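The chain contents come next:
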Amino acid sequence: MKKYIDQGKKDTRSGYGAGMTELGRSNPKVVALCADLVGSLKIEQFIEENPERFFQVGIAEANMMGIAAGLTVGGYIPFTGTFANFSTGRVYDQIRQSIAYSGKNVKICASHAGLTLGEDGATHQILEDIGMMKMLPGMTVINTCDFNQTKAATLAIAEHKGPVYLRFGRPKVPNFTAPDQDFEIGKAVILSEGTDVTIAATGHLVWEALVAAEALETRGISAEVINIHTIKPLDEKTLLDSIRKTGCVVTAEEHNFLGGLGESVARTLTQHYPAPQEFVATRDTFGESGTADQLMKKYGLDNKAIEKAVSQVLERKK
Amino acid sequence: MPTLQELEEIVVQVRRDIVRMVHKVNSGHPGGSLGCTEFFVALYYEVMEQKRTFSMDGIGEDIFFLSNGHISPVYYSVLARKGYFPIEELNTFRLLDSRLQGHPTTHEGLPGVRISSGSLGQGMSVAIGAALAKKLNADDHLIYSLHGDGELQEGQNWEAIMYAGSKKVDNLIATIDRNGQQIDGATEDVMSLGDLGAKFKVFGWDVIELKEGNNVDAIIKTMKEAKSRTGKGKPVCIIMHTVMGHGVDFMMHTHAWHGKAPNDEQLATALAQNTETLGDY
């Protein structure tokens, strides 16, 4: 299988910050808003270089979403920044009415998504955000896997007209995709070709899928690893082409198995090509305090869990 | 510029539009609409600078946001009468495939509307965002907004009010429809807003009380006063005292007509009290 090299661990949120710095220099219509989490979102450089295009709204996320909607009236492209929980669940109706239903060109950028937020615990670890956001008509939903891809996605969504939910995380994780890559919204990336099983992963689980695929290779199992960075619109063609070849799929995400990537894939299969699927995802549960690694292990979201799910799905394929 | 008498004739016609629209589909919100008719007519015919063709960005013109979207009948009537879309389209209010949805929306592309509203408490934030965009664009036109008084029970308003005061959003004139009524009864009884003017003041706003919120002349004078106070480091709030249902006697001074349509007989009474001026749609 194709090998990927970790260019050095980095956090995806720093990819967002780097993307914002570049947008600050290249696109005068981009404005940033933040609800008292500038350091966490890594947008200090953008603010330093473009103080007039930054709006500190304080701990008032509902107001932030409304202000962002209003800023589009006048031609601006607002990027809101706070933790994923406060970017979605806390402000769902504001996003629904003032942004999605109103068709406003707002980019909702959410860090600290999922369990890997770590020690702060379940109050902050949202595992339902992909589901909430993908259900909103017209909303694009993106969950990036590493620093380079998060930076590329940040640049790409500025060019896309319409509301976007961009989800990324807190911890430093392997940075393995190409620097200065093109990011095509809605186009899945086949990272490694294989014939026995498709592993469709998103976000932090993409690297884990690659690690699992390597281990599977030593056991004589050929896994095709697909990076689903865009959950909506879902690249059904790439998925179906792969699953028609392999005959089964494991989906992997740092999210509840209700409402996440897995369910989107399951719907696609049910409609077009019913095939066995296993879900690497949390099982309708809240998280808890712990280190990111401990939590991913305990809740079954690491490469070992993916390997196990592959064994299960291969059994069902027989 | 229309004369005061002409404006008052428009008010009467808009009242007819409101009760006829709501009667036809046996749904909608006549009470708050009637209470704000004079405000809308003054705003759109006298106060705001508007361009002839509608553009979402509204650059180089004043912009209005309606936060209490349920009073869509008055909004639609005035937009239509002002030429944003054909007056006959008022016939489609709340019907299937209409651009005139129960609550205003940009979704169907109705000219004149720049945000969806209906779920309460969101319009102040949107108005602030648009005001910030005006500043970034070095556009010295103003943002106007309207909010129900009961609507101020929604917490997002107070995030927005705090922001606008703290960040000196001084190109915004937010008007509160202080009719003292909401669905479950008098605002005073449901959850008192207390001294509303004092609340805005301590949040850093310049506050003007408008006692005669159903008097076109008084509204225009107050709006002009408010305009003169913009650009001075404070957002401006007008607390506009109105009578819900104004102009239709049996709908006045009660919350009963918040979201209820008149029957045939009641419609006839309402129309008799407001004889046709510009011509019915």
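In this text, all values refer to a predicted model and were calculated from it rather than measured experimentally.

What chain A contains, in helices and strands, is 13 helices and 14 strands. With the principal axes as the frame, chain A shows a C-alpha extent of 60 × 40 × 35 Å. The buried share of chain A, taken over its 318 residues, is 66%. Restricting the contact set of chain A to residue pairs at least 6 apart, pairs at least 24 apart contribute 80%. Only carbon and sulfur atoms are counted for the fraction: they give 52% of the accessible area of chain A, which is about 11500 Å². Taking the 34 positively charged and 38 negatively charged side chains of chain A as two groups, their mean positions are separated by 3 Å.

A few words now on the sheet that holds strand β7 (residues 164-167) of chain A. Residues and elements named next belong to chain A. Read from one edge to the other, the open sheet built from seven strands follows the order β3-β2-β4-β5-β7-β6-β12, with strand pairing classed as mixed. Unpaired on one side and paired on the other, β3 (54-56) and β12 (230-232) mark the two borders of the sheet. Averaged over all neighbouring strand pairs, the angle between strand axes comes to 20°, with direction disregarded. Lying over the sheet, helix α4 (residues 61-72) contacts β2 (30-34), β3, β4 (77-83) and β5 (107-111), oriented at roughly 165° with respect to β4.

Size of an interface, as often reported, equals the accessible area lost when the parts are brought together. In this assembly, 29 residues from chain A lie in contact with 31 residues from chain B. Interface area for chain A against chain B, summed over the two sides, is near 2300 Å², with a carbon-plus-sulfur share of 54%. The largest contributions to the chain A side of the interface with chain B come from V73, Q97 and Y101 of chain A, which together make up 27% of the buried area. Joining chain A to chain B, the criterion identifies zero salt bridges. Secondary structure elements with two or more residues in the side of chain A that touches chain B: β3, α4 and α6 (92-101) of chain A. In terms of residue count, the dominant contributor to the side of chain A that touches chain B is α4 of chain A (nine residues).

We now examine the domain arrangement of chain A. Residues and elements named next belong to chain A. Taken as a whole, chain A is organised into domain 1 (10-173) and domain 2 (189-317). The C-alpha-based centres of domain 1 and domain 2 are spaced at 25 Å. Among the residues domain 1 hides against domain 2, the three largest losses belong to L115, L127 and K134. Together they make up 28% of the total. Summed over the shared surface of domain 1 and domain 2, the number is zero salt bridges.

To continue, consider the packing of helix α5 (residues 123-136) of chain B against helix α6 (residues 155-166) of chain B. Residues and elements named next belong to chain B. At a minimum axis separation of 8 Å, α5 and α6 run at an interaxial angle of 30°. One element, α5, and the other, α6, form an angle in the roughly parallel class. Of the residues in α6, those in contact with M124, S125, I128 and L132 of α5 are Q156, N157, A160, I161, Y163 and A164. Of the residues in the contact of α5 with α6, the class split is seven nonpolar, three polar and no charged.

Residues and elements named next belong to chain B. For helix α10 (residues 264-272), the full list of buried residues reads L267, A270 and L271. Axial view of α10: buried residues confined to an arc of 95°, hence all on one face. The exposed residues of α10 that point more than 90 degrees off its buried face are E265 and A272. Check the buried side of α10 and you find it contacts α1 (4-25). Backbone nitrogen of E265 and a side-chain oxygen of the N-cap are separated by 3.2 Å at the start of α10; the cap is N263.

Now for the pairing of β7 of chain A. Each regular strand displays side chains that alternate between the two surfaces of the sheet. All names here are of chain A. Along β7, one buried face is formed by V164 and L166 and the opposite face, lined by Y165 and R167, is buried too. Examined bridge by bridge, β5 and β7 share four bridges and lie parallel to one another. Each bridged residue has a counterpart across the sheet, and for K107 the counterpart in β7 is V164. Taken together, the four bridges between strand β6 (residues 140-143) and β7 define a ladder with parallel strand orientation. Looking across to β7, one finds that N143 is bridged to R167. One crossover worth recording links β6 to the parallel β7 by way of helix α8 (residues 147-159), and it is right-handed.

Note on helix geometry: an α-helix contains 3.6 residues per turn, so any two residues three or four positions apart are oriented the same way. Residue and element names in this part refer to chain A. An ideal rise of 1.5 Å per residue puts 20 Å on 14 residues; helix α9 (residues 205-218) measures up with 20 Å between its terminal C-alpha atoms. When α9 is considered as a whole, its buried residues turn out to be L205, V206, W207, E208, A209, L210, A212, A213 and L216. Remark: G220 follows α9 within two positions and exhibits a positive phi of approximately 85°.

The next thing to look at is empty space enclosed by the protein. Residue and element names in this part refer to chain B. The final tally for this structure, using the stated rule, is four cavities of 30 Å³ or more. A volume near 60 Å³ is recorded for the largest cavity. Every residue lining the largest cavity is listed: Y44, M48, Q50, F54, E61, D62, I63, F64, L79, Y84, G112 and R114. Its residues assigned to classes, the lining of the largest cavity comprises seven nonpolar, two polar and three charged.

By the element assignment, E212 of chain B lies in the loop between β6 (206-210) and α9 (216-228). Separated by 29 residues in sequence, E212 of chain B and H241 of chain B place their C-alpha atoms 6.2 Å apart.

Residue and element names in this part refer to chain B. Within strand β3 (residues 172-178), seven of the seven residues are buried, leaving the element largely enclosed by the surrounding structure. Burial of the side chains of β3 extends over both faces: L172, A174, I176 and R178 are buried on one face and I173, T175 and D177 on the other. Handedness of the strand β2 (residues 143-148)-α6-β3 crossover: right-handed. Bridge count between β3 and strand β7 (residues 236-241): six bridges; the pairing is parallel. Within the sheet, the bridge partner assigned to A174 lies in β7 and is C237.

All names here are of chain A. Spatially, five strands are ordered β9-β11-β10-β13-β14 in an open sheet, and the strand pairing comes out mixed. Edge strands, defined here as strands with exactly one partner in the open sheet, are β9 (189-192) and β14 (277-282). Here the average twist between neighbouring strands, direction ignored, is 25°. As defined by bridge partners, β9 adjoins strand β11 (residues 223-227) across three bridges and the pair is classed as antiparallel. Bridge pairing in β11 places S192 opposite V225. Its contacts with the sheet place helix α13 (residues 303-317) against β10 (197-201), β13 (249-256) and β14, and it is angled at close to 155° to β14.

Parameters and conventions
- Residues numbered from 1 in each chain as written.
- Chains lettered and ligands numbered in written order.
- Predicted model: local features only at pLDDT ≥ 70, side-chain atom pairs only at ≥ 80, totals over all residues.
- Heavy atoms only, no water.
- Helix = DSSP H or I, 4+ residues; strand = E, 2+ residues; numbered from the N terminus.
- Buried < 20%, exposed > 50% of the residue type's maximum accessible area, 1.4 Å probe, protein only.
- Contact = heavy atoms within 4.5 Å.
- Areas by Shrake-Rupley, 256 points an atom, 1.4 Å probe, with all protein chains shown as cover.
- Lys, Arg positive; Asp, Glu negative; His and termini not counted.
- Charge placed at Lys NZ, Arg CZ, Asp CG, Glu CD.
- Pairing = 2+ DSSP bridges.
- Axes fitted to C-alpha atoms, helices over the stretch in contact; angles between N-to-C directions.
- Buried area = accessible area lost by both parts, 1.4 Å probe.
- Salt bridge = Lys/Arg side-chain N within 4 Å of Asp/Glu carboxyl O.
- Domains from an automatic or database assignment.
- Parallel < 35°, antiparallel > 145°, perpendicular 65-115°, else oblique.
- Nonpolar A, V, L, I, M, F, W, Y, C, P; charged D, E, K, R; others polar.
- Arc of directions from axis to C-beta.
- Polar contact = N/O pair within 3.5 Å; in protein donor to acceptor, adjacent residues only side chain to side chain.
- Right-handed = clockwise from strand over helix to strand, strands pointing away.
- Expected span 1.5 Å × (residues − 1).
- 1 Å grid on protein atoms, 1.4 Å probe; cavity = no way out; pocket = protein on both sides within 12 Å on 5 of 7 lines; lining within 4 Å.
- Points joined across faces, edges and corners; volume = space filled by probe spheres on them.

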